[in-house]
Structure formats: structure tokens, C-alpha cells
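Okay, here's what each chain looks like letter by letter:
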Amino acid sequence: MCYNKGWLNYHRIEHYPDVDLLSKLYLCGVKDYLPGDITFTAVKELVNAINGMLNIDVEVDIQGQRELIPSDKYGIIIERCNPEKEEEFAEYKLVGDGFLLKQCGFHLLILARTESGIMYGVFELIRRIASNQSINQVEILENPKNPLRMLNHWDNMDGSIERGYSGNSFFFEDKEVVVNDRTKDYARLIASVGINGVVINNVNVRAEATELITDRYLGKLKEMADIFANYGIRLFVSANFAAPMEIGGLSLADPLDEGVANWWKDCIRKVYEAIPGFGGFLIKADSEGRPGPFTYNRTHADGANVLARALKPYGGLVVWRCFVYNCQQDWRDYKTDRARAAYDNFIGLDGKFDENVILQIKNGPMDFQVREPVSPLFGGLKNTNQMLEVQIAQEYTGQQRHVCYLIPMWKEVLDFNTYAKPEGAKIADIVSGRTYGQVNCGMAAVANTGNDYNWTGHDLAAANLYGYGRLAWNTDMSSEAIAKEWICMTYSYKDKVVNNLLQILLKSWPAYEKYTSPLGIGWMVNPNNHYGPNVDGYEYDRWGTYHRADRNGLGVDRTKEGTGYAQQYNEPNASMYENIETCPEELLLFFHYVRYDYKLKSGKTLIQHIYDTHFEGVSDVEDMIRSFEEIKSMIPEDVYQRVMERFAMQLDSAKEWRDRINTYFYRKSGVEDAYGRKIYK
Ligand code: GCU
């Protein structure tokens, strides 16, 4: 096989304490039990996992009568709540696809309202066993925190992947849709961590990809959608706003034109005839050269709603991206600020989108930098469905050559209080629907997978894919807990392996931040490929991404005197950012122009902080390498080799970053390092 099983490889667990409970499986309340049902899938997964980890052949009894199950014999009971007997299950407080995993006497009960809920309960049990945790007296009730937990793949139909660092696409090859064993293995991996929606193609929809929603591809997409459906996942595609022109032969794509609206209705009807469970569209419009409603002087609400109305009869969704900004900026222009763009473009449209439209908002106002403030649209929009978009693909965070565990970053975003309500409103509350009661909302992430043997290029980058799913399911989980689970599932529950890998993962994002661009300013990367240092790479370009360094200092003034961006936040956040004294230091240069001799809270000057963090970042990488070397004999040889190769690249790159940044700022400022370390002059 040309790929591994990721965290579902089911390695053997010696001396597991609770094997008695696991030798028999009873199914209750499950009407159909046929291949194609999620329950069938879940049972197969459980039987297979128990066999792999504990070497037990689980006997499955599908009689389905609770009364017939002997109360004095051990066994797992999988039970689907009977909606007609609501009162019997009310005490369990199960919501949506939630599950209960509970020991009741001789039985281990997995109870859920939906088939997906059963599957999620099964994977919870598998995780417990893989991490060698006892299930004796277990009682876990989990309801998903986010209704939608999506992955966005930026795969192109020629097989390449935009910002892909793990090989080629396993969805497309030579302009054809690929459906094979890997499709299923992909579905099981992501379903096991709670993903329930997948967009398979790049948001930049060009050429053949525009035709994905036509007869040319619908047959193959149906096969894929069926495999996904077995795992509770809905298939979505990115669509081209100009499809009515590019493939429909119309002369325009004006969303208020009746002919255009009818074209979409007709197209969408055919899609649903072929794939009744189809999820809907992801749309990038008026962004980085993609077509959109602005061409016709229409709003993004007009644009989204024409699609939403055509999708509505079938329960389909429009996920509309807010990544809309002017990418033809002039660096001499100090007033236009790309960071303002999403808010300026969308805030006036609050409440104007149909119920089945969701605005998908990147976590920060720029573009997935190692450090950004959160997008002020969260906390600004109050009457609009919203979804948080993060990037698992490490476009700006080391491109899966550097280890960079991103869960701590996303947790900071989710925990951010927007103060949209006086009692507080965290981003996690807004996108989950808790703040405003929305149901079409959740999280989306740009995937980091490809057809590499290990799926994610860097073996440790799989922790981000795994972790994203787990976090989207339960935003309360800690970064440590998620990392530990992933390590146990993938490699081993042994202390040394868990501790060393955990240290590496938790150190990695702060380390990357230290040796790259300082204090939230971002960019400073090579243009186009976005890998490696290039301090002025984007300084005089058209993308609105400047650091404004001179001989006295650097940073962008985004206060009232500057671009005014800080004012897009609710109070007290706006004042916090506005004032250099209260602005969180990790974002200082994002919000302020700061002199090199400015004293930070640590007592260090800004320039000394830059030098220190760049030396520290490199030594952090050396520490990570040492921790990894210590577990050499405890992890598979091929994993060790691959990761060490990447570590070598990371160390070289970190040194290059350190020296380029330190030299650049030494040359600008003329200030010596207080410790006399090597800076190339
Ligand atoms: C970034 C990225 C692009 C991508 C875009 C987007 O700009 O570099 O490759 O298309 O984000 O999110 O649409």
C-alpha cells in the first residue's frame, strides 16, 4: 500500500485492563444494518480496532432487543435512541450527533440519537483503548460544539494542490475525479475526529473545475459522496461565480438577472438529482482575481443569495468567503489597509444573507500569518451565520518542513472575547451558534493532506489535521490533551514517547514565531512560494503587506492616527489595541510603529528582543531535535528517518531566518547585540 493509516493504525496494547467488557457487541434500536449505513461502518471499525489492538474477535449480535441481552454477561451495547420514546432517553441530554459512552453493570453502552453519533461514540471508545485508558466505570457524554466541522481542500483537477506540501491530490488526476480505496481511508481518518463536511477542490475555481457541477463529473462525484456518506460526511464543491458564463453560455453572471438565477436553479437541480445528499458550495468571489458580484455593482449578499435560493429546496448551503481585499495596492499609500478589508466589505451586509448562507471568515484580518489579531468581523456581525476558517496547511508556518503544532494558535482565537455582548462572547461561542442561536455555523480548515505515504508530508503535521477535527468537535479540549491523544493513537501510549513528542509539539509554534517575523508584523517571506526569509520581499509589492521598517523602528500604525483598523473592534478591545501600553506585546508591530529603543515589559528594548528571540528560536529547534533523538528506538524507523530529514531542513531554515532578520535590523538600526553574539554585518 502506498500510504499508511495515520492515527488509525491500531497498534497492539499489552495488558489492557478491561478486555472482558469488549468481547461481545449487541446492537439495539438500529433499523437497517446494511453496508452503506453509518452504523454498519461504525461496527466494522470497532470490530477491526478491537481486533487490531487487543487481538479479540468481537462477536456481533444484531438482534436488536434490549430485553434479550443477558444482564449478567459482559458486552458492548450500541443503541440508537428511538425518537418515539423520547422520554426514555431525555435524561441523557444528547444533542445532534452527540453520544453517551457509559458503563452500566456488565455492559458498556454507546448511545446516540443519530447514526453519526454512534460512529463518534465508537471512535471515542477506540481512542480510550489506544491510549490505554481504562473504561471501567466510564461515563462520557459529548455533544459536538460546532454543527459544521469542515475541511477545505485546495486541490486542482490536474492533481496539483494550491499550497500543498504533501504530494499531489488524491481526489483528482489528469482532470478526472479519482475514487479508490484511499477515498475510503481518507473518509475514515477524518470521520474519526468528527469532520462532517468536505470541499474537495480549490477555492480558485478555474477551467475543468468549473464543470464539476455538470454531467461530466457528477457520476464520479456521486461515488465519492456515497463513500463519504458512509462516514457521515457531506460532499461540497467550490464553485465558480462566473459559471453561468463560462459553462452556461450566458453573457453575464449578474446575480440579479433572472436568466442567471434560472441557470443556477437548473444546474443545482441536476446536481441534486445525481447526489441527493450533496452539501452545497464554497465560494471565493471578488478576491484575488476571481469573479464576483462587484462586476455588476451588486453586493456580496446579492451574490450569495442567488445561489442560496437555488440550493434551499434541497437543504444545500452556500459557504461564502470574506477574504475580499484590494490586491492592487500601492505601497506608497499609507491609508489603505488590507487588514480593514473584510470588515469594511461585509459589516454593512449584516442581516442581509439568507438563512442557508454562511460567511466563512479567516481567523485573522490578513492571511494565516504566524501571529495575527483575530478578525474583527467576529463580534461585528450579529445577524449573519458565521464560520471560522483556519489553515492546517502550513503555508506561512513552515510548509510541513518545519514542525509547527497549530492547535494552541487556534485555541487562542476561539478563546478571544469579542465583547459582542456585555456578558462576553468568545469566538468559540459565536461560530458554534451559542451566542446568537444560529444553526448553520462552525469551523472550516484548509487541509494539509496529499498523496504522500504519510498523508501530510511531515509525519508530525498529522497532529494538526487530527487536532483540528478534535478541536472543532470540542473547542474546550486543551492543546495538550489533543496532542497526547494523537501521539497515543499514532505511536504509543508509553510515557517517554508521549512526553518527548508532546514537548516538541508544544514548543514548535512559539519557536517558529521566535525565529521568523517579530511581534505580529508577519510576511517577510519570499514572495509567491511563501517559504523562507525575505524581509523586503513584500515591502514594495501590491499585496498590502508592509512592515515599514526604517532606521528608527518598524511596524504599521493601525490606530486612529494611522489606518484606524483598531477601531473595528468592540470596546474594550479597540482601546486595548489603540494604546501602545495595553496592546498585547505579541501584536505590538501589527498595531503600532515602534522605535527600536522602545522598552518592552521585559525591560528589553525592541531591537534586543528581536535579536534574543531569533537566537532562542534556533536553540529551541535544537532542543526539539534532541528530544526526538531520544525516542529513536521507540518509534518506527521510517518515521524517524523522515522526521529527522525535515528537522535538518528546519534547522537550516531557522538559522537562515535568524541571520537574515538579525542582520537586516542591525544594518537598519546600527545597534549592537547586548551579548555580542554573531550578527553578520
Ligand atoms: C492565500 C493563498 C492563496 C489562496 C488564498 C485564499 O492568499 O496564498 O493561495 O488562494 O489565500 O485563501 O483564497
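The rules behind the values
- Every chain is numbered independently, its residues counted from 1 as its sequence is written.
- A pLDDT threshold of at least 70 governs which residues receive local features in this predicted model, and a stricter bar of 80 or more applies before side-chain atom pairs are shown or counted, although totals over entire chains, interfaces and linings include all residues.
- By convention in this description, side-chain values take in all heavy atoms of the structure and omit both hydrogens and water.
- In this analysis the probe radius is 1.4 Å and the grid spacing 1 Å, with only protein atoms considered; a cavity is a set of points the probe fits into but cannot get out of, a pocket is an open set with protein on both sides within 12 Å along at least five of seven lines, and lining residues have an atom within 4 Å of a point.
- Grid points are joined across faces, edges and corners, and a volume is the space filled by probe spheres set on the points.
- Comment: elements are numbered from the N terminus, with helices defined as DSSP H or I runs of at least four residues and strands as E runs of at least two.
- UniProt positions are given in the numbering used here, feature names are shortened, and annotations may be inferred rather than shown by experiment.
- Contacts: residue pairs with any heavy atoms within 4.5 Å of one another.
- Polar contact is defined as a pair of N or O atoms within 3.5 Å, subject to the rule that within protein one atom must be able to donate a hydrogen and the other to accept it, and that residues adjacent in sequence are counted only when both atoms are side-chain atoms.
- All axes here are fitted lines through C-alpha atoms, helices being fitted over the stretch that makes contact, and every angle between N-to-C directions spans 0 to 180 degrees.
- Here the angle decides the label: under 35 degrees means roughly parallel, over 145 means roughly antiparallel, 65 to 115 means roughly perpendicular, and every other value means oblique.
- Under the grouping applied here, Gly and all other residues not named as nonpolar or charged are polar, the nonpolar ones being Ala, Val, Leu, Ile, Met, Phe, Trp, Tyr, Cys and Pro and the charged ones Asp, Glu, Lys and Arg.
- What goes into a patch is any residue over 30% in relative accessible area without a salt bridge, connected to like charges within 9 Å or, for nonpolar side chains (Val, Leu, Ile, Met, Phe, Trp, Tyr), within 5 Å.
- Here the accessible surface of atoms and residues is derived via Shrake-Rupley with a 1.4 Å probe, and residues count as covered only by protein chains that are part of the display.
- One speaks of a salt bridge when a side-chain nitrogen belonging to Lys or Arg is within 4 Å of a carboxyl oxygen belonging to Asp or Glu.
- Just so you know, the count uses Lys and Arg for positive and Asp and Glu for negative, and it drops His and the chain ends.
- Taken as the charge centre is NZ of Lys, CZ of Arg, CG of Asp or CD of Glu, depending on the residue.
- Relative accessible area decides the class of each residue, using a 1.4 Å probe on protein chains only: under 20% of the type maximum gives buried, over 50% gives exposed, and in between gives partly exposed.
- The domain boundaries here were taken from an automatic or database domain assignment.
- The quantity reported as buried area is the accessible area (1.4 Å probe) lost by two parts once they are put together, taken as the sum for both.
- Any residue with a non-hydrogen atom lying within 4 Å of a molecule or strand is treated as near it.
- What pLDDT conveys is the predictor's confidence in a given residue, as a value from 0 to 100.
- Stacked, edge-to-face and tilted labels apply to pairs of Phe, Tyr and Trp rings (six-membered ring for Trp) whose centres lie within 6.5 Å, assigned for plane angles under 30 degrees, over 60, and everything in between, in that order.
- We call a charge positioned above a ring when the Lys NZ or Arg CZ atom is no farther than 6 Å from the ring centre and deviates by at most 35 degrees from the ring normal.
- Here a strand pair is declared whenever DSSP counts at least two bridges between the two strands.

### Regarding empty space enclosed by the protein
Per the stated rule, a full pass over the model turns up 7 cavities of 30 Å³ or more. Roughly 90 Å³ of internal volume is contained in the largest cavity. Every residue lining the largest cavity is counted, 13 residues in all, and those nearest its centre are Cys322, Phe323, Ala342, Gly364 and Pro365. Going through the elements one at a time, α9 (341-346) and β14 (357-362) are the ones with two or more residues in the lining of the largest cavity.

### Side note on the UniProt feature "active site" (unreviewed entry) in the chain
The UniProt feature table records "active site" (unreviewed entry) at Glu288, Asp367 and Glu395. The annotated residues that sit in the lining of the second largest pocket are Glu288, Asp367 and Glu395. Along the polypeptide, Glu288 turns up in the loop between β12 (280-283) and α8 (300-311). Every residue in contact with Glu288, bar those within four places of it in the chain, is listed here: Phe323, Tyr325, Cys327 and Trp543. At 2.8 Å, the side chain of Glu288 and the side chain of Lys284 are in polar contact.

### Here's the deal with the packing of helix α17 (residues 606-629) against helix α18 (residues 637-669)
The N-to-C vectors of α17 and α18 enclose an angle of 170°; their axes lie 10 Å apart at closest approach. Of the possible angle classes, the one that applies to α17 and α18 is roughly antiparallel. Taken together, the residues that form the contact of α17 with α18 break down as 19 nonpolar, 4 polar and 4 charged.

### As for a negative patch on the surface
A cluster of acidic residues, Asp158, Glu173, Asp174 and Glu176, forms a negative patch on the protein surface. By secondary structure assignment, the location of Glu176 is in strand β9 (residues 176-177). By relative accessible area, which is 42% here, Glu176 ends up partly exposed.

### Here's the deal with the side chain of Asn464
In this structure, Asn464 sits in helix α12 (residues 462-473). When neighbours within four sequence positions are excluded, Asn464 is seen to be in contact with Ile392, Gln394, Cys404, Tyr405, Leu406, Ile407, Trp410 and Asn448.

### Some remarks on the domain arrangement of the chain
Domains assigned within the chain are domain 1 (6-142), domain 2 (148-490) and domain 3 (515-556 + 593-669). Facing the 31 residues of domain 2 at the interface are 30 residues of domain 3. Summed over both sides, the interface between domain 2 and domain 3 buries roughly 2,600 Å², with carbon and sulfur atoms accounting for 53% of that surface. The three residues of domain 2 that bury the most area against domain 3 are Trp331, Arg401 and His402, which together make up 25% of that side's buried surface. Remark: the boundary between domain 2 and domain 3 carries 1 salt bridge. Linking Asp459 and Arg642 is a salt bridge whose minimum nitrogen-to-oxygen distance equals 2.8 Å. Each residue belonging to the side of domain 2 that touches domain 3 can be placed in one class, and the counts come to 10 nonpolar, 11 polar and 10 charged.

### Here we look at the site of the ligand
Surveying the vicinity of the ligand reveals 13 residues, the closest of which are Glu162, Lys284, Arg321, Lys362 and Glu395. Lys362 is positioned such that a nitrogen or oxygen atom in its side chain is 2.7 Å from an oxygen atom of the ligand. A distance of 2.5 Å separates an oxygen atom of the ligand from a polar side-chain atom of Glu395. Starting from 320 Å² of accessible surface for the ligand in isolation, the protein chains cover 96%. Its residues assigned to classes, the shell around the ligand shows 3 nonpolar, 2 polar and 8 charged.

### A short note on the UniProt feature "domain: Glycosyl hydrolase family 67 C-terminal" (unreviewed entry) in the chain
Per the UniProt annotation, the sites labelled "domain: Glycosyl hydrolase family 67 C-terminal" (unreviewed entry) are residues 456-677. Along residues 456-677, the helical share is 50% and the strand share 2%, with 37 Å between the first and last C-alpha atoms.

### Let's talk about the confidence of the model for the chain
Per-chain confidence: the chain averages 96 in pLDDT, with 100% of residues scoring 70 or above. For the chain, per-element mean pLDDT is lowest for helix α2 (residues 86-90), which scores 75, and highest for strand β10 (residues 197-199), which scores 99.

### Describing the packing of aromatic side chains
A ring pair, where both rings are aromatic, is described by two values, the distance of the centres and the angle of the planes. The final tally for this structure, using the stated rule, is 37 aromatic pairs. Aromatic pair Tyr74 and Phe106: ring centres 4.9 Å apart, planes at 50°, arrangement tilted. With Tyr74 in the loop between β2 (59-64) and β3 (75-80) and Phe106 in the loop between β4 (99-104) and β5 (107-112), this residue pair connects regions lying 32 residues apart in the sequence. Judged by centre distance (5.3 Å) and plane angle (90°), the ring pair of Phe171 and Tyr186 falls under edge-to-face. Placement of Phe171 in the loop between β7 (148-152) and β8 (172-173) and of Tyr186 in helix α4 (residues 181-191) is noted, with a sequence separation of 15 residues between them. According to the relative accessible area criterion, Phe171 is buried, its value standing at 1%. Here a set of aromatic residues connected by ring pairs shows up, and it is made of Tyr3, Phe170, Phe171, Phe172, Tyr186, Phe228 and Trp455. One Lys or Arg, Arg542, reaches over the ring of Trp543 and ends 4.1 Å from the middle of that ring.

### Some remarks on the layout of surface pockets
Size it by volume and the largest pocket reaches roughly 560 Å³. No other element matches the 3 residues that β2 contributes to the lining of the largest pocket. Here the lining of the largest pocket is composed, by residue class, of 8 nonpolar, 5 polar and 11 charged. Considered as a void within the structure, the second largest pocket measures approximately 360 Å³ in volume. Across the lining of the second largest pocket, the residue classes break down as 8 nonpolar, 4 polar and 10 charged. Three or more residues apiece are contributed to the lining of the second largest pocket by two domains, here domain 2 (148-490) and domain 3 (515-556 + 593-669).

### Regarding the sheet that holds strand β1 (residues 24-28)
Taken in spatial order, the 6 strands make up an open sheet running β2-β1-β3-β5-β4-β6, and their pairing is mixed. Either end of the sheet is taken by a strand with one partner, and the two such strands are β2 and β6 (139-142). Between one strand and the next, the sheet's axes are offset by a mean angle of 20°, whatever the strand orientation. As defined by bridge partners, β1 adjoins β2 across 4 bridges and the pair is classed as parallel. Looking at the pairing, Leu25 lines up with Val60 of β2. Helix α1 (residues 38-54) contacts β1, β2 and β3 of the sheet and is inclined by roughly 170° relative to β1.

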